[in-house]
Amino acid sequence: VQQQASGGGLVQAGGSLRLSCAASGSIFSINAMGWYRQAPGKQRELVAAITSGGSTNYADSVKGRFTISRDNAKNTVYLQMNSLKPEDTAVYYCYADVVTTTLYEYDYWGQGTQVTVSS
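Parameters at a glance
- Residues numbered from 1 in each chain as written.
- Predicted model: local features only at pLDDT ≥ 70, side-chain atom pairs only at ≥ 80, totals over all residues.
- Heavy atoms only, no water.
- Salt bridge = Lys/Arg side-chain N within 4 Å of Asp/Glu carboxyl O.
- Buried < 20%, exposed > 50% of the residue type's maximum accessible area, 1.4 Å probe, protein only.
- Helix = DSSP H or I, 4+ residues; strand = E, 2+ residues; numbered from the N terminus.
- Pairing = 2+ DSSP bridges.
- Axes fitted to C-alpha atoms, helices over the stretch in contact; angles between N-to-C directions.

**Observations concerning the pattern of salt bridges**
Under the defined criterion, the tally for this structure stands at four salt bridges. Ionic pairing is found between R37 and E45, a salt bridge with its closest N-O pair at 2.7 Å. On the basis of relative accessible area, E45 is assigned to the partly exposed category, the value being 34%. R37 serves as the salt-bridge partner of D88, at 3.0 Å between the closest nitrogen and oxygen. Of the two residues, D88 is situated in the loop between β8 (76-81) and β9 (90-100) and R37 in strand β4 (residues 27-38); the sequence distance between them amounts to 51 residues. By the burial criterion, D88 is buried, and R37 matches it. Here the residues in one salt-bridge network are R37, E45, R65 and D88, joined through shared partners.

**Describing the sheet that holds strand β3 (residues 17-24)**
What the four strands build is an open sheet, ordered β1-β3-β8-β7; its pairing is antiparallel. For this open sheet the edge positions go to β1 (2-6) and β7 (66-71), each flanked by a neighbour on one side alone. Strand after strand, the sheet turns through a mean of 15 degrees between neighbouring axes, direction not considered. As defined by bridge partners, β7 adjoins β8 across six bridges and the pair is classed as antiparallel. Residue pairing in the sheet places F66 in a bridge with M81 of β8.

That is the geometry; function is a separate question.
Quick look at the structure:
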């Protein structure tokens, strides 16, 4: 199973970006999907998560600005980021709680995509 993230970049404060991450490979089903981020010198933190049924969870720092969604048919998770702030600058990592075709359950991580917000 592989995860391929895209959509990062450089944006001015107040701008928007949309991240996407597609899982591929020997997938039977996917439970939760989500995004973490890690800024320089800081620990990795949960940004947002979404269950297979569509229930969502957000970090307090992004509530009202970020929206997570998923397309189960495409095994893809999205993160719409609006009203971006310089403190949102980080490497963003997607993950998926995957049940493989051999019925093993693993967390798979994407390679990370850089988001830089200039002031």
